[in-house]
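# Results of the structural survey
Spelled out, the chains give:
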Amino acid sequence: MQDPNMSRPEGPVNAVPPAVVVLFIAIVAVEGLFSLGKAGFIGGPASIGWRLGALQDYGFFPAYLDFMLQSGSFPLDGVMRFVTYPFVHGAFTQAVIAGIMLLALGKFVGEAMKPVAILVLFFGTSILAALVFGLIAPPQEALFGAFPAVYGFIGAYSYMLWIFYRVAGERQIMAFRLIGLLMGIQLLFAVFFDVGLTWVAELAGFVTGFALAPLLLPGGLARLRAKVQRR
């Protein structure tokens, strides 16, 4: 007979914070529409161009940022792209990899953050990554997909490791092994393929996530206020 005091182990899906699951479902739902349309199950002949149309309508382009900064006007069509581009991917495999990484990293980060903080991390890194990308990349180079936000979660996770290694008395540089590996892979791909400047957005996402983590973790604002008062 099973001991009633023993708690049942939680499944891996249940362990993922709801906010991360919602973001993952949004990514999968959009990609599902594109895939079903391409296969001819929904939408008719026009559905073949859904992905391209979505990339044009919801992807981020530096040209929009240039226009807004020069004109001083911020139309909804341009502003919304800062938060819509993470949900539109260029291919099925890109969406799957980004979604899986979001679930994995979101599980670790979400265990230490509240749901609102997770959403702030996702959209905050997406916005700042797009802003940096828009200031550096050519006007017509597109930014799309959830990878900048995923790199933001990597940044937050690296900050948590950085704190852990400091408390444990180990080398804190080990907290940056994951981002070092990923950037190394990016560099290798850049040698053989034209990958554009999307890596700039991903690196900006990582830095933003690392910087936001101490504020979004429980008690982060109180610790920051205490530091400022001591100075």
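Keep in mind it's a predicted model, so treat the numbers as computed, not measured.

### Concerning the pattern of salt bridges
If you walk through the whole model with that rule in mind, you get three salt bridges. When the shortest N-O distance is used, the salt bridge between Arg51 and Glu31 registers 2.6 Å. In this pair, Arg51 is assigned in helix 2 (residues 50-58) and Glu31 in helix 1 (residues 18-38), connecting sequence segments 20 residues apart. For the pair Arg51 and Glu31, one class covers both residues: buried. Where Arg81 meets Asp77, a salt bridge forms, and the shortest distance between an N and an O atom there is 3.6 Å.

### Section: the packing of helix 1 against helix 2
Running from N to C, helix 1 and helix 2 point in directions that differ by 145 degrees, and their axes come no closer than 9 Å. Every residue of helix 2 that contacts helix 1 at Glu31, Leu33, Phe34 and Gly37 is listed here: Trp50, Arg51 and Ala54.

### Digging into the confidence of the model for the protein
Per-chain confidence: the protein averages 87 in pLDDT, with 86% of residues scoring 70 or above. Across residues 1-13, where pLDDT falls below 50, the model places one contact with residues more than four positions away in sequence or in other chains.

Rules used in this analysis
Residues numbered from 1 in each chain as written. Predicted model: local features only at pLDDT ≥ 70, side-chain atom pairs only at ≥ 80, totals over all residues. Heavy atoms only, no water. Salt bridge = Lys/Arg side-chain N within 4 Å of Asp/Glu carboxyl O. Helix = DSSP H or I, 4+ residues; strand = E, 2+ residues; numbered from the N terminus. Buried < 20%, exposed > 50% of the residue type's maximum accessible area, 1.4 Å probe, protein only. Axes fitted to C-alpha atoms, helices over the stretch in contact; angles between N-to-C directions. Contact = heavy atoms within 4.5 Å. pLDDT = per-residue confidence, 0-100.

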